[in-house]
Amino acid sequence: MSRTASSDLSLETINDLSDIALDHRPRRGWWIAFLIAFALTVLLVISVVWLLIKGVGIWGLNAPVMWAFAIINYVWWIAIGMGGTFISAALYLLRADWRAAINRYAESMTVFAVCVAGLFPILHLGRPWFVYWLFPYPDKMDLWPQWRSSLFWDFAAILAYLIFSVLFWYGSMLPDLATLRDRARSRGRQIFYGLLALGWRGEARQWLQLERWMLLMAALAVPLVFSVHSMVALDFSEALLPGWHSTIFPPFFVAGALHSGFAMVLLLGIVMRYSFGMEAVITARHLDNLARLLLATSLVMTYSYTSEIFTAYYSGEATDIATVEFRFSGAYAWVYWSSIFCNVVAVQIFWWRSMRQRTLVLATIASLILVGMWLERLMLVVTSLYRDFLPSSWGMYYPTFWDITTLLGSLGLFAFLFLLFVRFLPIVSMHELRKLLHQGEALP
Amino acid sequence: MSESSSYGVLASFGGADSLLRAVTELRSRGHGRLEVYSPFPIDGLQEALEIPGHNAIARWVLAGALFGGIGTLFLQWYSSVIAYPLDVGGRPYASWPAFVPASLEMVFLFAALFGTVAMLLAGGLPLLYHAVFNVERFSRSSSDGFFVLIRADDPAYGNDEESLRDLLGKFNPLSIDDVAQ
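Residues numbered from 1 in each chain as written. Chains lettered and ligands numbered in written order. Predicted model: local features only at pLDDT ≥ 70, side-chain atom pairs only at ≥ 80, totals over all residues. Heavy atoms only, no water.

A. Focus on the confidence of the model for chain B. Confidence along chain B averages 84 in pLDDT terms, with 94% of residues attaining 70 or more. As a predicted assembly, this complex carries a pTM of 0.90 together with an ipTM value of 0.89. (pLDDT = per-residue confidence, 0-100.)

B. Broad picture of the packing of helix 10 (residues 284–315) of chain A against helix 14 (residues 359–385) of chain A. Residues and elements named next belong to chain A. Interhelical geometry of helix 10 versus helix 14 gives an angle of 25° and a closest axis separation of 12 Å. Relative to helix 14, helix 10 is oriented roughly parallel. In this structure, the crossing between helix 10 and helix 14 has a hand that is left-handed. From helix 10, Leu-287, Ala-291, Leu-294, Met-301, Tyr-305 and Glu-308 reach across to helix 14, where they touch Leu-362, Ile-369, Met-373, Glu-376 and Leu-380. Taken together, the residues that form the contact of helix 10 with helix 14 break down as nine nonpolar, no polar and two charged. (Axes fitted to C-alpha atoms, helices over the stretch in contact; angles between N-to-C directions. Helix = DSSP H or I, 4+ residues; strand = E, 2+ residues; numbered from the N terminus. Parallel < 35°, antiparallel > 145°, perpendicular 65-115°, else oblique. Left-handed = near helix turned anticlockwise from the far one by under 90°. Contact = heavy atoms within 4.5 Å. Nonpolar A, V, L, I, M, F, W, Y, C, P; charged D, E, K, R; others polar.)

C. Here's a closer look at the pattern of salt bridges. Residue and element names in this part refer to chain A. The tally for this structure, following the rule as stated, stands at 14 salt bridges over all chains. The salt bridge involving Lys-435 is made with Glu-211; its shortest N-O contact spans 3.2 Å. Here Lys-435, found in helix 16 (residues 430–439), pairs with Glu-211, found in helix 8 (residues 204–237); they are 224 residues apart in sequence, far enough to count as distant. You can call Lys-435 buried: its relative accessible area is 15%. Counted as one network, the salt bridges with shared partners bring together Arg-201, Glu-203 and Arg-205. (Salt bridge = Lys/Arg side-chain N within 4 Å of Asp/Glu carboxyl O. Buried < 20%, exposed > 50% of the residue type's maximum accessible area, 1.4 Å probe, protein only.)

D. Region of the structure containing helix 1 (residues 11–22) of chain A. Residues and elements named next belong to chain A. Given a rise of 1.5 Å per residue, 12 residues ought to cover 16 Å, and the 17 Å separating the end C-alpha atoms of helix 1 matches this to within 8%. Residues Ile-14, Asn-15, Leu-17, Ser-18, Ile-20, Ala-21 and Leu-22 constitute the buried set of helix 1. In the core, the buried residues of helix 1 are packed alongside helix 6 (174–183), helix 7 (187–197), helix 15 (401–424) and helix 16. (Expected span 1.5 Å × (residues − 1).)

E. Structural detail: the pairing of strand 1 (residues 6–13) of chain B. Residue and element names in this part refer to chain B. Burial runs high along strand 1: eight of the eight residues are buried. In the sheet, strand 1 pairs with strand 4 (residues 175–180) via six bridges, with the strands oriented antiparallel. Note that in strand 4 the partner of Leu-10 across the bridge is Asp-177. Pairing analysis gives six bridges linking strand 1 to strand 3 (residues 146–151), with the strands arranged antiparallel. Each residue of the ladder has a partner; that of Val-9, found in strand 3, is Ile-150. (Pairing = 2+ DSSP bridges.)

Structure, rendered in structure tokens:
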């Protein structure tokens, strides 16, 4: 592995990273991005208020396509989160030390993506103000959740995943918050970071407990990632609809989740690397490794797509075969072929090392994958619903103005939270980098 | 033990290796009440300080996992069999296979909650005030400073802080400070 850039990494470089959060005057680029993200977040708020006033009728939902953008966005966002957890947990267990440079922002990405994802099922409820009915709580209505429904399993999965991600993120941030506390010059910031750091002193006993805890949390996080996205898949495969009722869905969804999650990590990594001059920390090797991971997940995706087609024809079920053929050549065929191009074909360029070293190529392919994975969810949700068993219940789906504003608004909210994160929190796991530097082996 | 207003004596070192040498030496001279501070976890420090190896966090994680899993199974069973039994075509009230997914998620959730609380408490957190924060240069402990503190309640601390400073001086520290209570 190339270690050319590692010579740039020193204790001073690592300490300088904390100044990104402590710098009082953010750059103009940050302000421009922040204002755009803020405007989109306001657009989301307006869309949600209008939704609460008028109901889900403002979206393009109608019989037979009763699930659309809200569910697509939900699956897309929660899938992006999976990539962050996988990078920080699975690679931690594998002692892939290169992750130390990217795990913090990957985990932050997870937390924000899951927050955004969690909004959509609630908004989709129709009467979102009754969301607390999903909780099993003692009440006088004799109201209990339907335990046998995958929708409740999914609710449990999102809840567990959100809280778990926040804990994992915050716990491993404590030593870095202490660094910010100790390096902050203004009283307000000292108090702000002092409270967040909970009094971390870097005592031998605290490090020991933190490392034990990290290991246990990482070991829990890996099966959690797989289980959460399997629950998302079960929302679909528990139904009897052709195109959804398939046993391959849980692993297929997990692979898709990692695919889009890694793409987002790569894209954000490139952006952070250039906007903060972090070439010594996020090196060419990180981008190369992420591109390789994308190549690996794209192969699993290819297998899943092929297997879906094979299973449909092998089953001999007329409706299953029809669903596949409608995807190939029906009204939404362009969605199917675009997602195949983005998720399967375009990524193959990463077989060439020279392509994995070109930032523009990396950023383009990562963006294509993110678009492709969104289109794939559109394909899965809409093309299964618009052609049902009975031709009498066939119908088209068209998104409305509010569908689009809600999607754009969710992107804005994610960017808004992420921009606040890079401004106020330690964007790199400094304590892990220091340990790597001390060991002097396999520097990132 | 003397009734003094001092919390201990704090020495700082230039790196992890000199810190580790000082700790080993101090331990061998009978100084048991040491606190060691570093900007990153140092391998070998646990052995040098003879911190017991038993892992309390792992037990709390297991306890949380069992609580979340069995608790959720029980809740679903209670709701379906006792509180609100619903006969659907003569099927059993308790649908155990369908109860598993939600219980599995609660295993992860409660294992993490218990484990995180155990991690914080075992590390003595949250604790916003600590005597060692009174030393100005201690703020470097979170970036590039390595510190050893001999606590005033150490049996071999003695009443004579001068000799303690002399002893610490033998390990070539960068600085020696008294820590006010």
